[in-house]
Amino acid sequence: FWIQLAPEQRALVPLDAPVDVSYGGGVWQAATVQTIEFEDPQGFTELRLILESEDGGSVCGSECADWVPLESRTDFPAQVIVVPETTGPVVPVAAISTEPDGSTFLTRGSGETADVEVVASANGLAVVDGVQVGDVVLLPSDPDDGG
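Residues numbered from 1 in each chain as written. Predicted model: local features only at pLDDT ≥ 70, side-chain atom pairs only at ≥ 80, totals over all residues. Heavy atoms only, no water.

A.B. asks: How should the packing of aromatic side chains be read in this particular structure?
C.D. replies: Any aromatic ring pair is given by two values, namely how distant the centres are and how the planes are angled relative to each other. Scanning the model with the defined rule gives 5 aromatic pairs in all. Ring geometry for phenylalanine 1 against tryptophan 28: centres 5.9 Å apart, planes inclined by 80°, an arrangement best described as edge-to-face. Of this pair, phenylalanine 1 sits in the segment before strand 1 (2-5) while tryptophan 28 sits in strand 3 (residues 26-39), and the two are 27 residues apart along the sequence. Here phenylalanine 1 falls in the partly exposed class, since its relative accessible area comes to 31%. Using a relative accessible area of 5% as the deciding quantity, one classes tryptophan 28 as buried. By the ring-pair criterion, three or more aromatic residues cluster together here, those being Phe1, Tyr23, Trp28, Trp67 and Phe76. (Phe/Tyr/Trp six-rings, centres within 6.5 Å; stacked < 30°, edge-to-face > 60°. Helix = DSSP H or I, 4+ residues; strand = E, 2+ residues; numbered from the N terminus. Buried < 20%, exposed > 50% of the residue type's maximum accessible area, 1.4 Å probe, protein only.)

What follows is the structure, given as C-alpha coordinates:
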(Lines give C-alpha, C1' and ligand atoms only; values in the text may rest on other atoms or scores of the structure.)
Protein backbone atom coordinates (compact mmCIF):
# COMPACT_ATOMS: atom_id res chain seq x y z
CA PHE A 1 0.00 0.00 0.00
CA TRP A 2 1.27 3.47 -0.83
CA ILE A 3 0.01 7.03 -1.10
CA GLN A 4 1.19 9.38 -3.80
CA LEU A 5 1.93 13.00 -2.84
CA ALA A 6 2.48 15.78 -5.33
CA PRO A 7 5.35 18.21 -4.58
CA GLU A 8 2.93 20.88 -3.33
CA GLN A 9 1.46 18.41 -0.79
CA ARG A 10 4.76 17.45 0.86
CA ALA A 11 4.90 20.35 3.29
CA LEU A 12 1.26 19.80 4.31
CA VAL A 13 1.51 16.13 5.26
CA PRO A 14 3.46 15.10 8.36
CA LEU A 15 5.23 11.87 7.45
CA ASP A 16 4.64 10.40 10.92
CA ALA A 17 0.87 10.97 10.84
CA PRO A 18 -1.43 7.96 11.12
CA VAL A 19 -3.37 6.95 8.00
CA ASP A 20 -6.90 5.52 7.78
CA VAL A 21 -7.48 3.35 4.70
CA SER A 22 -11.17 2.77 3.94
CA TYR A 23 -12.50 -0.43 2.38
CA GLY A 24 -15.92 -2.01 1.99
CA GLY A 25 -15.82 -3.55 5.46
CA GLY A 26 -14.53 -0.60 7.45
CA VAL A 27 -11.20 1.13 8.01
CA TRP A 28 -7.66 -0.21 8.32
CA GLN A 29 -5.24 1.83 10.47
CA ALA A 30 -1.83 2.31 8.88
CA ALA A 31 1.44 4.16 9.35
CA THR A 32 4.08 5.45 6.96
CA VAL A 33 7.17 3.25 7.22
CA GLN A 34 9.16 4.57 4.25
CA THR A 35 9.15 7.37 1.72
CA ILE A 36 10.34 6.99 -1.86
CA GLU A 37 11.06 9.79 -4.30
CA PHE A 38 9.60 8.70 -7.65
CA GLU A 39 9.86 10.24 -11.11
CA ASP A 40 7.27 9.21 -13.67
CA PRO A 41 8.05 8.81 -17.41
CA GLN A 42 7.00 12.43 -18.10
CA GLY A 43 9.57 13.72 -15.59
CA PHE A 44 7.11 14.66 -12.84
CA THR A 45 8.38 13.99 -9.33
CA GLU A 46 6.22 12.64 -6.54
CA LEU A 47 6.75 11.31 -3.07
CA ARG A 48 5.29 7.91 -2.26
CA LEU A 49 4.42 7.09 1.33
CA ILE A 50 4.82 3.34 1.87
CA LEU A 51 2.28 2.08 4.42
CA GLU A 52 2.11 -0.83 6.82
CA SER A 53 -0.38 -1.68 9.54
CA GLU A 54 0.26 -0.15 12.93
CA ASP A 55 1.65 -3.50 14.14
CA GLY A 56 4.11 -3.73 11.24
CA GLY A 57 2.33 -6.12 8.88
CA SER A 58 0.28 -5.65 5.74
CA VAL A 59 -2.27 -2.83 5.91
CA CYS A 60 -5.13 -5.23 5.13
CA GLY A 61 -3.90 -7.96 7.49
CA SER A 62 -5.95 -11.14 7.44
CA GLU A 63 -8.59 -9.47 5.21
CA CYS A 64 -6.34 -9.06 2.15
CA ALA A 65 -7.74 -12.09 0.32
CA ASP A 66 -11.27 -10.73 0.71
CA TRP A 67 -10.60 -7.16 -0.42
CA VAL A 68 -7.42 -6.97 -2.54
CA PRO A 69 -7.36 -8.72 -5.94
CA LEU A 70 -4.02 -10.27 -6.89
CA GLU A 71 -4.10 -9.53 -10.61
CA SER A 72 -5.03 -5.87 -10.91
CA ARG A 73 -4.46 -2.55 -9.20
CA THR A 74 -6.96 -1.54 -6.55
CA ASP A 75 -7.38 1.95 -5.14
CA PHE A 76 -8.63 2.51 -1.62
CA PRO A 77 -9.56 5.92 -0.18
CA ALA A 78 -7.03 6.98 2.44
CA GLN A 79 -7.05 9.81 4.94
CA VAL A 80 -3.86 11.10 6.52
CA ILE A 81 -4.75 12.23 10.03
CA VAL A 82 -2.95 15.57 10.15
CA VAL A 83 -4.81 16.80 13.23
CA PRO A 84 -6.21 13.98 15.35
CA GLU A 85 -9.66 14.44 16.83
CA THR A 86 -9.41 15.68 20.40
CA THR A 87 -11.83 16.27 23.23
CA GLY A 88 -11.63 18.22 26.43
CA PRO A 89 -12.10 21.69 27.85
CA VAL A 90 -11.63 24.48 25.32
CA VAL A 91 -10.23 27.86 26.35
CA PRO A 92 -9.11 30.97 24.47
CA VAL A 93 -5.42 30.72 23.60
CA ALA A 94 -5.05 34.21 25.10
CA ALA A 95 -5.91 32.75 28.53
CA ILE A 96 -2.83 30.50 28.47
CA SER A 97 0.39 31.85 29.97
CA THR A 98 3.83 30.34 29.52
CA GLU A 99 6.60 30.08 32.12
CA PRO A 100 10.27 30.58 31.16
CA ASP A 101 10.74 26.78 31.27
CA GLY A 102 8.00 26.32 28.63
CA SER A 103 5.30 25.02 30.99
CA THR A 104 1.83 26.50 30.57
CA PHE A 105 -0.84 27.59 33.01
CA LEU A 106 -4.19 29.34 33.29
CA THR A 107 -5.46 31.68 35.96
CA ARG A 108 -8.77 30.57 37.44
CA GLY A 109 -11.57 33.00 38.32
CA SER A 110 -10.49 32.67 41.97
CA GLY A 111 -7.01 33.96 41.11
CA GLU A 112 -5.34 30.54 41.58
CA THR A 113 -3.23 29.20 38.75
CA ALA A 114 -3.70 25.78 37.19
CA ASP A 115 -0.97 24.00 35.27
CA VAL A 116 -2.32 22.92 31.88
CA GLU A 117 -1.07 21.00 28.88
CA VAL A 118 -2.19 22.19 25.45
CA VAL A 119 -3.52 19.16 23.57
CA ALA A 120 -4.44 20.97 20.34
CA SER A 121 -5.12 24.51 19.18
CA ALA A 122 -6.72 26.22 16.20
CA ASN A 123 -8.40 29.52 15.41
CA GLY A 124 -7.59 31.13 18.77
CA LEU A 125 -8.92 28.23 20.86
CA ALA A 126 -7.05 25.45 22.65
CA VAL A 127 -8.08 22.07 24.03
CA VAL A 128 -6.27 21.66 27.36
CA ASP A 129 -5.68 19.11 30.11
CA GLY A 130 -5.58 20.46 33.67
CA VAL A 131 -8.96 22.17 34.06
CA GLN A 132 -12.55 20.95 33.96
CA VAL A 133 -15.35 21.94 31.62
CA GLY A 134 -17.18 24.81 33.32
CA ASP A 135 -14.13 26.19 35.19
CA VAL A 136 -13.91 29.96 34.96
CA VAL A 137 -10.57 31.24 33.66
CA LEU A 138 -9.26 34.78 33.41
CA LEU A 139 -7.62 36.42 30.45
CA PRO A 140 -4.35 38.08 31.42
CA SER A 141 -4.54 41.85 31.19
CA ASP A 142 -1.96 43.93 29.36
CA PRO A 143 -0.43 46.42 31.84
CA ASP A 144 0.24 48.80 28.94
CA ASP A 145 -3.44 49.17 28.07
CA GLY A 146 -4.52 50.24 31.57
CA GLY A 147 -6.22 46.90 32.30
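Having seen it, we continue.
A.B. asks: Is there a simple way to think about the state of the cysteines in this case?
C.D. replies: The term disulfide refers to a covalent linkage connecting the sulfur atoms of a pair of cysteines. Here the structure, examined in full by the defined rule, presents 1 disulfide. The side chain of cysteine 60 participates in a disulfide bridge whose partner is cysteine 64; the two sulfur atoms lie 1.7 Å from each other. Taking the torsion about the sulfur-sulfur bond, which here is approximately 85°, the covalent link between cysteine 60 and cysteine 64 counts as right-handed. The exposure class of cysteine 60 is buried, given its relative accessible area of 3%. (Disulfide = S-S within 2.5 Å.)

A.B. asks: Just to check I follow, could you spell out the sheet that holds strand 3 for this structure?
C.D. replies: Strands in a sheet are paired, the pairing made by backbone hydrogen bonds, and the direction either parallel or antiparallel. The strand order across the open sheet built from 5 strands is 1-4-3-2-5, with neighbouring strands paired in antiparallel fashion. With partners counted over all chains shown, the strands left at the sheet margins are strand 1 and strand 5 (78-80), one partner each. Taken pair by pair, the neighbouring strands of this sheet meet at an average axis angle of 35°, ignoring direction. Of the pairings in the sheet, the one linking strand 2 (residues 19-23) to strand 3 comprises 5 bridges and is antiparallel in character. (Pairing = 2+ DSSP bridges. Axes fitted to C-alpha atoms, helices over the stretch in contact; angles between N-to-C directions.)

A.B. asks: Please clarify how the pattern of salt bridges should be interpreted in this entry.
C.D. replies: A pair can form between side chains of opposite charge whenever their charged atoms are brought close. Taken as a whole, this structure holds 4 salt bridges when the rule is applied. Here arginine 73 and aspartate 75 are joined by a salt bridge, their closest N and O atoms 3.0 Å apart. Both residues of the pair, arginine 73 and aspartate 75, belong to the exposed class. Close ionic contact of arginine 108 with aspartate 135 constitutes a salt bridge, the shortest N to O distance being 2.9 Å. Of the two residues, arginine 108 is situated in strand 8 (residues 104-108) and aspartate 135 in the loop between strand 10 (125-129) and strand 11 (137-138); the sequence distance between them amounts to 27 residues. (Salt bridge = Lys/Arg side-chain N within 4 Å of Asp/Glu carboxyl O.)

A.B. asks: Before we go on, may I ask you to explain unusual backbone geometry in this structure?
C.D. replies: Among all residues except glycine, the phi angle is most often negative; among peptide bonds, the trans geometry is most common. If you check the backbone angles, asparagine 123 has positive phi at about 55° while not being a glycine. Along the polypeptide, asparagine 123 turns up in the loop between strand 9 (113-122) and strand 10. For asparagine 123, a relative accessible area of 82% puts it in the exposed group.

A.B. asks: Explanation requested: the layout of surface pockets in the structure shown.
C.D. replies: The volume enclosed by the largest pocket comes to roughly 400 Å³. What lines the largest pocket is a set of 13 residues, among which Phe1, Trp2, Thr74, Asp75 and Phe76 lie closest to the centre. Listing elements by their share of the lining of the largest pocket, those giving two or more residues are strand 1 and strand 5. The element best represented in the lining of the largest pocket is strand 1, accounting for 3 residues. The residue inventory of the lining of the largest pocket, partitioned by class, reads 9 nonpolar, 2 polar and 2 charged. (1 Å grid on protein atoms, 1.4 Å probe; cavity = no way out; pocket = protein on both sides within 12 Å on 5 of 7 lines; lining within 4 Å. Points joined across faces, edges and corners; volume = space filled by probe spheres on them. Nonpolar A, V, L, I, M, F, W, Y, C, P; charged D, E, K, R; others polar.)

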